[in-house]
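The lines below spell out each chain.
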Amino acid sequence: QEQLVESGGGLVQPGGSLRLSCALSKFASDWLDIGWFRQAPGRDREGVSCIRNADGGTHYSDSVKGRFTMSKDGAANAAYLQMNGLTPEDGAVYYCAAGACYFPIQESEYDHWGQGTQVTVSS
């Protein structure tokens, strides 16, 4: 029941937009903070954004701030990552996770992870 499932990845041209979805367990949706992470080939996993369950407050990494927007729909047990102005550097496997949302966004604060969805940005 702690499994998270990402969807919405795909191939996008530079400058394009994409919205990722994360299906949450009822427990995660009701009680936990949610984060988005990404990992490109040969790179460390990077915290992208997170949203607090208590008040809906969000954090973003400097690399995506102003371009990405995270949201959550508690009734639908889902979290989303709207990605605009995509660049090839945004290409990565994106992971949804449940845990504790602090800044900086740290992998160690998240105990429940999805399997990831591939985002490729190329012309």
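Located above this text is the structure these notes cover.
Below: a short report on this structure. (Residues numbered from 1 in each chain as written. Predicted model: local features only at pLDDT ≥ 70, side-chain atom pairs only at ≥ 80, totals over all residues. Heavy atoms only, no water.)

### Thoughts on the packing of aromatic side chains
Given two aromatic rings, one states the distance between the centres and the angle between the planes to describe the pair. According to the stated counting rule, one finds four aromatic pairs in the structure shown. Where Phe37 meets Trp113, the ring centres are 4.8 Å apart and the plane angle is 50 degrees; that geometry is what we call tilted. Of this pair, Phe37 sits in strand β4 (residues 33-39) while Trp113 is found in strand β10 (residues 110-113), placing the two residues 76 residues apart along the sequence. Phe37 gets classed as buried once you look at its relative accessible area, which sits at 1%. Ring centres of Tyr110 and Trp113 lie 6.5 Å apart, and the angle between their planes is 70 degrees; this geometry places the pair in the edge-to-face category. (Phe/Tyr/Trp six-rings, centres within 6.5 Å; stacked < 30°, edge-to-face > 60°. Helix = DSSP H or I, 4+ residues; strand = E, 2+ residues; numbered from the N terminus. Buried < 20%, exposed > 50% of the residue type's maximum accessible area, 1.4 Å probe, protein only.)

### Brief notes about the sheet that holds strand β8 (residues 78-83)
Spatially, the four strands line up as an open sheet ordered β1-β3-β8-β7, and their pairing is antiparallel. In this open sheet, the two edge strands, each paired with only one partner strand, are β1 (5-7) and β7 (68-73). Sheet twist, expressed as the average angle between the axes of neighbouring strands with direction ignored, equals 15 degrees. By the bridge criterion, six bridges tie strand β3 (residues 18-23) to β8 in an arrangement that is antiparallel. Bridge pairing in β8 places Cys22 opposite Ala79. (Pairing = 2+ DSSP bridges. Axes fitted to C-alpha atoms, helices over the stretch in contact; angles between N-to-C directions.)

### Quick notes on the pattern of salt bridges
Evaluated as defined, the whole model comprises seven salt bridges. A salt bridge links Lys26 to Asp30, with the nearest nitrogen and oxygen atoms 3.5 Å apart. Here Asp30 and Lys26 lie together in helix α1 (residues 26-31), a separation of four residues that amounts to about one turn. A single salt-bridge network, built from bridges that share partners, covers Arg38, Glu46, Arg67 and Asp90. (Salt bridge = Lys/Arg side-chain N within 4 Å of Asp/Glu carboxyl O.)

### A few points about unusual backbone geometry
Most peptide bonds are trans, and most residues other than glycine sit at a negative phi. Cis geometry is found at the peptide bond from Phe103 to Pro104, where omega equals 0 degrees. Relative to the helices and strands, Pro104 is located in the loop between β9 (92-99) and β10. The phi angle at Asn77 is positive, at roughly 50 degrees, despite the residue not being glycine.

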